[in-house]
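Here is how the chains run, residue by residue.
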Amino acid sequence: MMTAIFSLLAVQGVLGALDNLIHHEMAAKLPKTLASRVETLLHACREAIYAAVFFGLAWFEFRGVFGMLLLTLLAVEVAITLTDFLEEDRTRTLPPFERLLHAILTLTYGILLGLLFPLLLDWITQPTALPVTSHGLWSWLLTVYAVGVGAWSIRNFIACAGMFAKARTAPAMLPLRNGKTLLITGGTGFVGSALTRSLLDEGYRLYILTRDVRQARANPLVRAAEGRIVPIDRLNLLPDETALDAIVNLAGAPIAGIPWTPQRRAVLMESRLGTTRSLVDLCHRLKVKPSALISASAVGYYGPSGSLATEDTPADGSFQSSLCQAWEAEAVRAEELGLRVCRVRFGLILGRSGGIFPALKLSAKLGFGAVLGTGKQAFPWISLTDAVDLLIAAVNDPRMTGPINAVSPDILSQSAFAHALSHSLERKVRLKVPAFALTSAMGEMSQLLVDGRAVKPAKLLALNHPFTHRTLAAFLEDADEESSTEFRKSAASSRREITPRRSRSPSTHLRS
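Not measured: the values here are computed from a predicted model. (Residues numbered from 1 in each chain as written. Predicted model: local features only at pLDDT ≥ 70, side-chain atom pairs only at ≥ 80, totals over all residues. Heavy atoms only, no water.)

## Some points on the pattern of salt bridges
Right, so step 1: All told, the structure shown has 13 salt bridges when counted by the stated rule.
Right, so step 2: In this structure, Glu-25 engages Arg-155 in a salt bridge whose closest nitrogen and oxygen atoms are separated by 2.7 Å. Residue Glu-25 is located in helix H1 (residues 2–27), and its partner Arg-155 is located in helix H5 (residues 137–173); the two are separated by 130 residues in the primary sequence.
Right, so step 3: On the basis of relative accessible area, Arg-155 is assigned to the partly exposed category, the value being 33%.
Right, so step 4: Note that Glu-241 and Lys-287 form a salt bridge whose closest N and O atoms lie 3.2 Å from each other. Of the two residues, Glu-241 sits in the loop between strand E3 (229–232) and strand E4 (246–249) while Lys-287 sits in the loop between helix H9 (262–285) and strand E5 (292–298), which places them 46 residues apart along the sequence. Assigned by exposure class, Glu-241 and Lys-287 land together as exposed.
Right, so step 5: A single salt-bridge network, built from bridges that share partners, covers Arg-277, Asp-281, Glu-330 and Arg-333. (Salt bridge = Lys/Arg side-chain N within 4 Å of Asp/Glu carboxyl O. Helix = DSSP H or I, 4+ residues; strand = E, 2+ residues; numbered from the N terminus. Buried < 20%, exposed > 50% of the residue type's maximum accessible area, 1.4 Å probe, protein only.)

The following block contains the structure:
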């Protein structure tokens, strides 16, 4: 009997140490993360119990009252483990191997209790005593286990003391330099993640609306924020007393990638309209209204063809345009509540390490840079850096209201962009994909590639809004520090390819 019990204790010790080392220490870094202080405390308590059980069973028999104490200790361990399961489920997403280890540990612990219970009942019925006994090598092995897990427990208790002390002083240690709290939808996406980083650097506190709270909490950015980011999966979790300075709405299913079937169109509509409608409903019930709603839109609002578009240009009847019109109409409802509503119409957002640019760069580097259709269609774009700066400016600048074209002043054709990118990589554009091939393969969604509207950031220029990457050359130089002087001349030449002469309108050279 004792051999079976000791064998299970040995297995339990090895698997527990493996779980601690791989998942708690190396992966999640629990003792160094303020948000994990409760889970770390539970682990420290459980480890202290295991140290006592290992050493106690190695050298003693627990008779009478001592047997009752040991039984109580084992029951407390069960309660701690169940509480730990709930805390882990609440705070982080466990990888499959960690879940497997937990399942095995639970199974072996159940078998261990089944073997120990008859022995404990026998000890409990005897007169109270704590006689010393020895089980040879098993006693010494379990002693080693007890010392190891006991030291780990002490270490975690010390870490917890520091984390709880830091949590009590966190407001003083992490002041809100500008005193602003924002709600962001789409905060874990390509643009949203970059925006979140910048807002944290500037001292904001953030609520992030996300579909998966556990995954968001496991995000290194959220974990490092030490409580200044609060992920939520439902807006009704915010009480009426929540004080928000502004809302940034970036939510929406990607418009590219899946053909625009009727089912897909419904998804695209609902992902934008539903979230925006919910945000306006939230503003209705908040006792103190936010000052502004910054809601994303797209230059697709103007449709795929026509002359140079500014914020005053009317929309057309294409699906892109109808989608953006309906999206913006939901956001405008917030103006009835006194909010300043800024509708940011983004062009294609280029980021050095995310979005579509890395794929375009790799394609060009492999020699697959291509002119799509005629190549004369406009390529309205903005760098991720400028997109983030614009969103932050829109939160703070009361002059930014109504529609804002979030595009670079550097108006390019698709052909000019393809040649400039390829040239920056010392490659040539050798491919030309006809429009009919793209239309046949992608249907109406091919408009994103073969049609385009030249868009001017008229409001931003009027406000003298600064651009970090005012030209494509500036962005590509940042994206590749080895860009040559020859490339910069080539990029400038490529832009001149579509720069209108004074005697011609912008639509002459950009019409597809």
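Structure shown, so let's carry the discussion forward.
## Section: the packing of aromatic side chains
Right, so step 1: Under the criterion given, the structure shown has 12 aromatic pairs.
Right, so step 2: Ring geometry for Phe-6 and Trp-138: centres 6.0 Å apart, planes at 35 degrees, overall tilted. Here Phe-6 is found in helix H1, whereas its partner Trp-138 is found in helix H5, with 132 residues between them in sequence.
Right, so step 3: The exposure class of Trp-138 is partly exposed, given its relative accessible area of 27%.
Right, so step 4: Here Phe-62 and Trp-123 contribute two aromatic rings whose centre-to-centre distance is 6.4 Å and whose plane-to-plane angle is 40 degrees, an arrangement assigned as tilted. Of this pair, Phe-62 sits in the loop between helix H2 (37–59) and helix H3 (65–91) while Trp-123 sits in helix H4 (residues 96–124); the two residues are 61 residues apart in sequence, bridging distant segments of the chain.
Right, so step 5: With relative accessibility at 13%, the residue Phe-62 sits in the buried group.
Right, so step 6: One aromatic cluster is present, built from ring pairs that chain together Tyr-50, Phe-54, Tyr-109 and Tyr-145.
Right, so step 7: Arg-37 extends its terminal NZ or CZ atom over the ring of Phe-164, reaching a point 5.8 Å from the ring centre.
Right, so step 8: Against the face of Phe-319 rests Arg-265, its NZ or CZ located 4.5 Å from the ring centre. (Phe/Tyr/Trp six-rings, centres within 6.5 Å; stacked < 30°, edge-to-face > 60°. Lys NZ or Arg CZ within 6 Å of the ring centre and 35° of its normal.)

## Considering the packing of H9 against helix H10 (residues 319–332)
Right, so step 1: For the pair H9 and H10, the least separation of the axes is 8 Å and the interaxial angle reads 15 degrees. On the basis of their axis angle, the class for H9 and H10 is roughly parallel. The interaxial crossing formed by H9 with H10 has right-handed handedness. Here H9 contributes Arg-265, Leu-268, Met-269, Arg-272, Leu-273, Thr-276, Arg-277 and Val-280 to the contact with H10, which in turn contributes Phe-319, Ser-322, Leu-323, Ala-326, Trp-327, Glu-330 and Ala-331. (Axes fitted to C-alpha atoms, helices over the stretch in contact; angles between N-to-C directions. Parallel < 35°, antiparallel > 145°, perpendicular 65-115°, else oblique. Left-handed = near helix turned anticlockwise from the far one by under 90°. Contact = heavy atoms within 4.5 Å.)

## Looking at the sheet that holds strand E8 (residues 354–355)
Right, so step 1: Taken together, the three strands give an open sheet; going across it, the order is E8-E7-E10, and neighbouring strands pair in mixed fashion. If you trace the sheet from one side to the other, it starts and ends with E8 and strand E10 (381–383), each paired once.
Right, so step 2: In this sheet, E8 lies alongside strand E7 (residues 348–351) in antiparallel orientation, the contact comprising two bridges. Paired with Leu-350 across the bridge in E8 is Gly-355.
Right, so step 3: Sitting on the sheet, helix H12 (residues 384–396) is in contact with E7 and E10, with an inclination near 85 degrees to E10. (Pairing = 2+ DSSP bridges.)

## Quick word on the environment of Pro-380
Right, so step 1: With respect to the element layout, Pro-380 can be found in the loop between strand E9 (370–372) and E10.
Right, so step 2: Of the residues examined, Pro-380 reaches a relative accessible area of 18% and is grouped as buried.
Right, so step 3: With 32 residues separating them along the chain, Pro-380 and Leu-412 place their C-alpha atoms 6.9 Å apart.
Right, so step 4: In this structure, Pro-380 is in contact with Val-299, Gly-347, Leu-348, Val-407, Arg-453 and Val-455, ignoring residues within four places of it in sequence.

## Quick look at unusual backbone geometry
For residues besides glycine, phi is generally negative; the peptide bonds are generally trans as well.
Right, so step 1: Backbone geometry places Glu-426, a non-glycine residue, at a positive phi of 60 degrees.
Right, so step 2: Structurally, Glu-426 is set in the loop between helix H13 (414–424) and strand E12 (431–433).
Right, so step 3: Assessed through its relative accessible area of 68%, Glu-426 is described here as exposed.
Right, so step 4: In this structure, Asn-464 is a non-glycine residue whose phi angle is positive, near 55 degrees.
Right, so step 5: Topologically, Asn-464 is positioned in the loop between helix H16 (458–462) and helix H17 (472–479).

## Examining the confidence of the model for the chain
Right, so step 1: Within the chain, residue pLDDT values average 86, and 89% of them lie at 70 or more.
Right, so step 2: Below pLDDT 50 for its whole length, residues 170–177 participates in 11 contacts with residues either more than four positions away or in separate chains.
Right, so step 3: Low confidence marks residues 482–512, where pLDDT is under 50. Its contacts with residues over four positions away, or in another chain, come to 48 contacts. (pLDDT = per-residue confidence, 0-100.)

## Things to note about the state of the cysteines
Right, so step 1: One pass over the structure, following the stated rule, counts zero disulfides.
Right, so step 2: As a non-bridged cysteine, Cys-45 has Cys-160 as the owner of its nearest cysteine sulfur, 7.8 Å distant. (Disulfide = S-S within 2.5 Å.)

## A few points about the side chain of Gln-377
Right, so step 1: When you line up the elements, Gln-377 lands in the loop between E9 and E10.
Right, so step 2: Of note is the side chain of Gln-377, whose polar atom sits 2.8 Å from the backbone oxygen of Leu-449. (Polar contact = N/O pair within 3.5 Å; in protein donor to acceptor, adjacent residues only side chain to side chain.)

## Considerations on H10
Right, so step 1: For H10, spanning 14 residues, the distance from its first C-alpha to its last is 20 Å, which sits close to the expected 20 Å at 1.5 Å a residue.
Right, so step 2: Residues Phe-319, Gln-320, Ser-321, Leu-323, Cys-324, Trp-327, Glu-328, Glu-330 and Ala-331 constitute the buried set of H10.
Right, so step 3: On the buried face of H10, the contacting elements are E4, H9, E5, strand E6 (340–346) and helix H15 (447–450). (Expected span 1.5 Å × (residues − 1).)

## A closer look at the nonpolar core
Right, so step 1: Leu-195, Leu-206, Ile-294, Phe-346 and Leu-391 are the most contacted members of the largest nonpolar core, which totals 39 residues.
Right, so step 2: At the level of secondary structure, the elements contributing two or more residues to this core comprise strand E1 (181–185), helix H6 (190–201), strand E2 (205–209), E4, E5, E6, H12 and strand E11 (402–406).
Right, so step 3: The leading source of residues in this core is H12, at eight residues.
Right, so step 4: Dropping the residues within four chain positions of it, Leu-391 is found in contact with Val-191, Leu-195, Val-248, Leu-250, Ile-294, Val-344 and Phe-346.
Right, so step 5: If you look at the next biggest cluster of nonpolar residues, it comprises 28 residues, including Leu-42, Phe-62, Leu-120 and Trp-123. (Core = buried A, V, L, I, M, F, W, Y, C linked by side-chain atoms within 4.5 Å.)

## Some thoughts on the environment of Ala-479
Right, so step 1: Along the chain, Ala-479 falls in helix H17.
Right, so step 2: On the basis of relative accessible area, Ala-479 is assigned to the buried category, the value being 18%.
Right, so step 3: In sequence terms Ala-479 and Arg-352 are 127 residues apart; their C-alpha atoms lie 5.6 Å from each other.
Right, so step 4: Apart from the residues lying within four places of it in its own chain, the contact partners of Ala-479 are Arg-352, Phe-357 and Lys-361.

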